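# Fold and contact review
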Amino acid sequence: MSITRKLGLLGTLAAALVMGLAACQTSGTMTSLVTDAGEETFTSWLAKPEGEGPFPAVVLLHGCSGTERTTSHQTVWRGLNGHAALLNDYGYVTLIVDSFGARRITDGCQTGGKYYSVQVSDAHAAFDHLASLPFVDAGRIGFVGQSLGGGTALRLALGSSVDSRTREGQGSYAALVAYYPWCEAAWAYALRRPVMILIGEKDDWTPASRCIAMHSLAEKATFQPDLELEVYPDAHHSFDLPMRGPYYVEGMNGRFHTVQGNPGARRDSQARMLTFFAKHLGGPYPAAASAGVDAAGNAGFGNILRAAFALND
């Protein structure tokens, strides 16, 4: 387990990680899926690397404002596609999930945790869909969630007492990344899958202090999977999205919260995400990165950065 609270030179070194990839963003092929309960449909966008696979795969899930795909600015949509394009480039199939659009949910930011159950159900269905595809390795499927989706990621990482999906005979995610989630300290003892939490120190919506407390307890727990926590100084909620700010979004009880992009933290978080998935999901990798992958399929953070510079020359 690790915790980092300083960006420093690391952010500078990571600055080239996704430079130029924004122009390569792809929404993928639109797919309508049915929840595992068979009750509701939701929309997703599938994209894959070149080749036949089988590839590792990653599901990406939005926060309380939805994908914002139909807005003029498309901030969340562009952010999700930025993550997906990077993952595609490193040999992962991606599935961007829209839990709100088909259900005509316009905003979930003022409803607390009302839509966690919806997103958990969608995440299970997305996993099953990916696992059924011949070019996906069902044993190497990961998950990335932002905000509300980050809280969903933590729920998916919990044991059977909270997540019924862990009952015998059902597959689930091998590793999960939670961007600025709402953390519950007690969950430290219930985690059953590797998790990385990425959050800003100045987040006034989902406080980093809650995740720090959770991480502290997890370090003392036994039989825990990997739990990594990165806290970025000078970063607010939604730091990984392509926007300036600060902007203010209304949450519960009429309270407004700060959202602001932070390019340095975004690039660093993406490099760490790649390293985390390389550790838990494995390759394949583009030629520039293959030299930095050991026999066990692990890529060091320095190797990811060196490969990123080479890929963006």
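Check the entry above for the structure.
What counts, and where the lines are drawn
Throughout this description, residue numbers start from 1 for each chain and increase along the sequence as written. Local features are withheld for residues below a pLDDT of 70 in this predicted model, meaning they are given only at 70 or higher, and side-chain atom pairs are given and counted only at 80 or more; totals for whole chains, interfaces and linings count all residues. Excluding hydrogens and water, the side-chain figures rest on all heavy atoms present in the structure. The numbering of helices and of strands both runs from the N terminus, where a helix is a DSSP run of H or I of at least 4 residues and a strand a run of E of at least 2. The term polar contact refers here to a pair of N or O atoms within 3.5 Å; inside protein, the definition further demands a hydrogen-donor-capable atom paired with an acceptor-capable atom, and it admits residues adjacent in sequence only when both atoms are side-chain atoms. Only a pair of cysteine sulfur atoms within 2.5 Å qualifies as a disulfide here. Throughout this description, buried means an accessible area under 20% of the type-specific maximum (1.4 Å probe, protein chains only), exposed means over 50%, and partly exposed covers the range between. Each residue after the first adds 1.5 Å to the expected span of a helix. Side-chain atoms within 4.5 Å link the members of a nonpolar core, which is a set of buried Ala, Val, Leu, Ile, Met, Phe, Trp, Tyr and Cys residues. Residue contacts are counted whenever heavy atoms from the two residues lie within 4.5 Å of one another. Only the contacting stretch of a helix is used when fitting its axis, a line to C-alpha atoms as for every element, and angles between N-to-C directions run 0 to 180 degrees. Handedness of a crossing is defined here by the sense of rotation of the near helix relative to the far one, left-handed for an anticlockwise turn of less than a right angle and right-handed for a clockwise turn. Charged means Asp, Glu, Lys or Arg here, nonpolar means Ala, Val, Leu, Ile, Met, Phe, Trp, Tyr, Cys or Pro, and polar covers whatever is left, Gly included. Salt bridge, as applied in this entry: a Lys or Arg side-chain nitrogen positioned within 4 Å of an Asp or Glu carboxyl oxygen.

So, on to the side chain of Thr 275. Structurally, Thr 275 can be placed in helix 6 (residues 263–280). Within polar-contact distance, the side chain of Thr 275 engages the backbone oxygen of Ala 271 at 3.1 Å.

What makes a disulfide is a covalent bond joining the sulfur atoms belonging to two cysteines. Within the structure shown, the criterion is met by two disulfides. The disulfide that involves Cys 183 links it to Cys 211, with 2.1 Å between the sulfurs. Since a negative S-S torsion denotes a left-handed disulfide, the Cys 183-Cys 211 link at about 85 degrees is right-handed. A residue pair is termed long-range when its members are at least 10 positions apart, and Cys 183 in the loop between strand 7 (175–179) and strand 8 (195–200) and Cys 211 in helix 5 (residues 208–220) qualify at 28 residues. Each member of the pair, Cys 183 as well as Cys 211, carries the same accessibility label: buried. Each bonded cysteine in the protein gets a number by its place in the sequence, and the pairs come out as 1-2, 3-4.

With that out of the way, let us pick up helix 6. For helix 6, which comprises 18 residues, the first-to-last C-alpha distance of 26 Å matches the rise-based estimate of 26 Å (1.5 Å per residue) to within 8%. In terms of burial, helix 6 is largely enclosed, as 14 of its 18 residues are buried. At the exit of helix 6 stands Gly 282, carrying a positive phi of roughly 80 degrees.

Ranked by internal contacts, the top residues of the largest apolar core, which has 85 residues, are Leu 130, Phe 143, Tyr 173, Val 177, Ile 197 and Phe 277. Ranked by residue count, the leading element in this core is helix 3 (residues 116–132), at eight residues. Apart from the residues lying within four places of it in its own chain, the contact partners of Tyr 173 are Val 59, Ala 123, Ala 126, Phe 127, Ile 141, Gly 142, Phe 143, Leu 156 and Arg 193.

For the bond running from Gly 53 to Pro 54, omega is 5 degrees, close enough to zero to count as cis. With an omega of 10 degrees, the peptide bond between Gly 245 and Pro 246 qualifies as cis. The residue Pro 246 is located in the loop between strand 9 (227–232) and strand 10 (247–250) in this model. Even without being glycine, Asp 234 reaches a positive phi, approximately 65 degrees. Secondary-structure assignment places Asp 234 in the loop between strand 9 and strand 10. For Asp 234, a relative accessible area of 53% translates into the label exposed. Look at Ser 238: it is not a glycine, yet its phi comes out positive at around 65 degrees. Residue placement: Ser 238 occurs in the loop between strand 9 and strand 10. Ser 238 gets classed as buried once you look at its relative accessible area, which sits at 9%.

Turning our eyes to something else, we now look at the environment of His 236. For His 236, the position within the fold is in the loop between strand 9 and strand 10. When the C-alpha positions of His 236 and Gly 200 are compared, they lie 5.0 Å apart, and in sequence the two are 36 residues distant. When near neighbours in sequence (up to four residues on either side) are disregarded, His 236 contacts Lys 202, Asp 203, Thr 258 and Gln 260. Side-chain polar atoms of His 236 contact the backbone oxygen of Lys 202, separated by 3.3 Å.

Our focus in this paragraph is the environment of His 83. Relative to the assigned elements, His 83 resides in helix 2 (residues 75–89). Separated by 61 residues in sequence, His 83 and Val 144 have C-alpha atoms that sit 9.0 Å apart. Once residues within four sequence positions are removed from consideration, His 83 is found in contact with Leu 60, Gln 146, Tyr 179, Asp 240, Gln 270 and Met 273.

On to the packing of helix 3 against helix 4 (residues 148–156), then. Close contact between helix 3 and helix 4 brings their axes to 9 Å; oriented N to C, the two are set at 65 degrees. Along this stretch, helix 3 crosses helix 4, giving a crossing that reads as right-handed. Residues Tyr 116, Gln 119, Val 120, Ala 123 and His 124 of helix 3 lie in contact with helix 4, whose contacting residues are Leu 148, Gly 149, Gly 151, Thr 152, Arg 155 and Leu 156. Partitioned by chemical class, the residues of the contact of helix 3 with helix 4 number five nonpolar, five polar and one charged.

Here the focus is the pattern of salt bridges. If charged atoms from side chains of opposite charge come close, those side chains can pair. Throughout the structure, instances matching the rule amount to seven salt bridges. In this structure, the salt-bridge partner of Arg 210 is Glu 184, at a minimum N-O distance of 3.2 Å. Here Glu 184 lies in the loop between strand 7 and strand 8 and Arg 210 lies in helix 5, a separation of 26 residues in the sequence. Arg 210 sits in the partly exposed class, given a relative accessible area of 27%. Here Arg 272 makes a salt bridge to Glu 230, at a shortest N to O gap of 3.8 Å. On the criterion of sequence distance, the pair formed by Arg 272 in helix 6 and Glu 230 in strand 9 is long-range, its members being 42 residues apart. A single burial state applies to Arg 272 and to Glu 230, both of which are buried.

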